[in-house]
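# An overview of the molecular structure
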Amino acid sequence: MADIKCIGILTSGGDAPGMNAAIRAVTRSAIYNGFKVKGIYRGYKGLLTDEIEDFKTQNVSNIIQAGGTILKTARCKEFQTPEGRQLAYDTLRRHEIDALVVIGGDGSLTGARIFANEFNFPCIGLPGTIDNDLFGTDKTIGYDTALNTIMECVDKIRDTATSHERLFFIEVMGRDAGFLALNGAIATGAEAAIIPEISTEVDQLAELISNGFRKSKNSSIVLVAESPVTGGAMGLAERVHREYPAYDVRVSILGHLQRGGSPTATDRILASRMGAAAIDALMEDQRNVMIGIQNDQIVYVPFSKAIKNDKPIDRTLLETLRKLSI
Ligand code: ADP
């Protein structure tokens, strides 16, 4: 621990509401504990282009309520090469940064893991993604806000769906993970959720139709996770046109609005706890771990586990949805 004096912080990959609250927490907690802090702009790219600024407590004033990330985020192909990572390391040394806190998703933490091992450089990860798809943590920063945004949108679509007696496929984010679709469906009283976790096991559309859904109802809403396997909401609607032409089907793709907005109280508190825990972890000589939360307790999850393992969906939730949509 004695060798860490200055901590760098960056946000990388897909943005998520609550990243600012996490930046604030890391910065303030680090300064509180006597460290210097440097903000690195545009994810790993900022390490190659040298976009780095000293961060004081004022740099993170008035941001806890803001969506997006004041540090900006980016994808950086060069960081995936050994040469790119060497340049990044040289920049860190030049700025006398001794440890890195990376806020991002699966890809960003994979990068942090490789970098940490290559240069024996202390890295701590915070799970920042609306998809909630990182193993070892019950929740990720941004997930709760996105879920609430989805709920508000679906409630509005329901008004028009009911007026016209239509079947609506509403596509939500989560290419490989159905947390948003499944819990969004339960929260909005939707008919069903079509999720990637089981799309290779069963034909969820055929199952939906054969269960006789919509018989007793004048409108139906199905939440669909974007997915190359099912073709997402568009792909499923095309199938309905072809295979079940009796249905009047409409598609709504929520898209990027799911990433925006002021974070919920739950996300702000989660980000604040995780940000502070990142500094605790460094002071406890933890290396190459992601901060997670399990049963409302902060835990340290080795990068290797957080990245490699798939986070399973709770299948009892599917059963609950099925029961409640009769
Ligand atoms: P997310 O973090 O939201 O999953 P990405 O998968 O796009 O987003 O990853 C963000 C960035 O993390 C990439 O642009 C790259 O800079 C870095 N990264 C991802 N995978 C690797 C890897 N295998 N090696 C090194 N860096 C990586």
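Above this note sits the structure.
Helix and strand counts for the protein stand at 12 helices and 11 strands. Compactness check: the protein gives a C-alpha radius of gyration of 21 Å against a globular reference of 20 Å for 326 residues, within 12% of the reference. Within the protein, the fraction of its 326 residues that count as buried is 54%. Across the protein, the fraction of contacts at a sequence separation of at least 24, relative to all contacts at a separation of at least 6, is 75%. Taken as a whole, the protein presents about 14,200 Å² of accessible surface, with 49% of it coming from carbon and sulfur. The protein carries 36 positive and 40 negative side-chain charges, and their two centres are separated by 2 Å.

By nearness alone, 16 residues border the ligand, and G14, R75, C76, G107 and S108 come closest of all. Between the ligand and the protein, one listed contact pairs an oxygen atom with a backbone N or O atom of G14 at 3.0 Å. Residue D106 places a main-chain N or O atom 3.4 Å away from an oxygen atom belonging to the ligand. Here the ligand loses 79% of its free accessible area of 560 Å² to cover by the protein chains. It is helix α4 (residues 106-119) that provides the largest number of residues to the shell around the ligand, a total of 6 residues. Tallied by class, residues from the shell around the ligand come to 4 nonpolar, 9 polar and 3 charged.

Per the stated rule, a full pass over the model turns up 12 salt bridges. Here R239 ties to D203 by a salt bridge, and the two come within 2.9 Å at their closest N and O atoms. One end of the pair, R239, is in helix α9 (residues 232-243); the other, D203, is in the loop between α7 (196-199) and α8 (204-210), with 36 residues separating them in the sequence. Owing to a relative accessible area of 19%, R239 belongs among the buried residues under this scheme. Three or more residues are tied together by salt bridges with common partners; here these are R166, D248 and R250.

The next thing to look at is the packing of helix α3 (residues 82-94) against α4. Viewed as axis vectors pointing N to C, α3 and α4 meet at an angle of 70°, and their least axial separation amounts to 11 Å. As the angle between them shows, α3 and α4 are arranged roughly perpendicular. From α3, R85, Q86, A88, Y89 and L92 reach across to α4, where they touch I114, F115, E118 and F119. Taken together, the residues that form the contact of α3 with α4 break down as 6 nonpolar, 1 polar and 2 charged.

A separate point is the sheet that holds strand β11 (residues 297-302). Sheet strands pair by backbone hydrogen bonding; their relative direction is either parallel or antiparallel. Here we have 7 strands laid out as an open sheet, ordered β3-β2-β1-β4-β5-β10-β11, and mixed in their pairing. Edge positions in the sheet fall to β3 (52-55) and β11, since each has one partner strand and no second. The mean inter-strand angle of the sheet, taken between neighbouring strand axes irrespective of direction, is 30°. Sheet analysis places strand β1 (residues 6-11) next to strand β2 (residues 36-40), joined by 4 bridges and oriented parallel. Looking at the pairing, C6 lines up with K36 of β2.

Right, let's talk about the sheet that holds strand β6 (residues 167-172) for a bit. The strand order across the open sheet formed by 4 strands is β7-β8-β6-β9, and the pairing between neighbours is parallel. Bordering the open sheet on either side are β7 (192-194) and β9 (249-253), each of which pairs with just one other strand. Neighbour-to-neighbour, the strand axes of this sheet turn through a mean angle of 25°, independent of strand direction. As judged from the 6 bridges shared by β6 and strand β8 (residues 220-225), these two strands associate in the parallel manner. Opposite E171, over in β8, you have V224 as the bridge partner.

Rules and cut-offs
- Residues numbered from 1 in each chain as written.
- Predicted model: local features only at pLDDT ≥ 70, side-chain atom pairs only at ≥ 80, totals over all residues.
- Heavy atoms only, no water.
- Helix = DSSP H or I, 4+ residues; strand = E, 2+ residues; numbered from the N terminus.
- Rg over C-alpha atoms; globule rule 2.2 N^0.38 Å.
- Buried < 20%, exposed > 50% of the residue type's maximum accessible area, 1.4 Å probe, protein only.
- Contact = heavy atoms within 4.5 Å.
- Areas by Shrake-Rupley, 256 points an atom, 1.4 Å probe, with all protein chains shown as cover.
- Lys, Arg positive; Asp, Glu negative; His and termini not counted.
- Charge placed at Lys NZ, Arg CZ, Asp CG, Glu CD.
- Near = heavy atom within 4 Å.
- Polar contact = N/O pair within 3.5 Å; in protein donor to acceptor, adjacent residues only side chain to side chain.
- Nonpolar A, V, L, I, M, F, W, Y, C, P; charged D, E, K, R; others polar.
- Salt bridge = Lys/Arg side-chain N within 4 Å of Asp/Glu carboxyl O.
- Axes fitted to C-alpha atoms, helices over the stretch in contact; angles between N-to-C directions.
- Parallel < 35°, antiparallel > 145°, perpendicular 65-115°, else oblique.
- Pairing = 2+ DSSP bridges.

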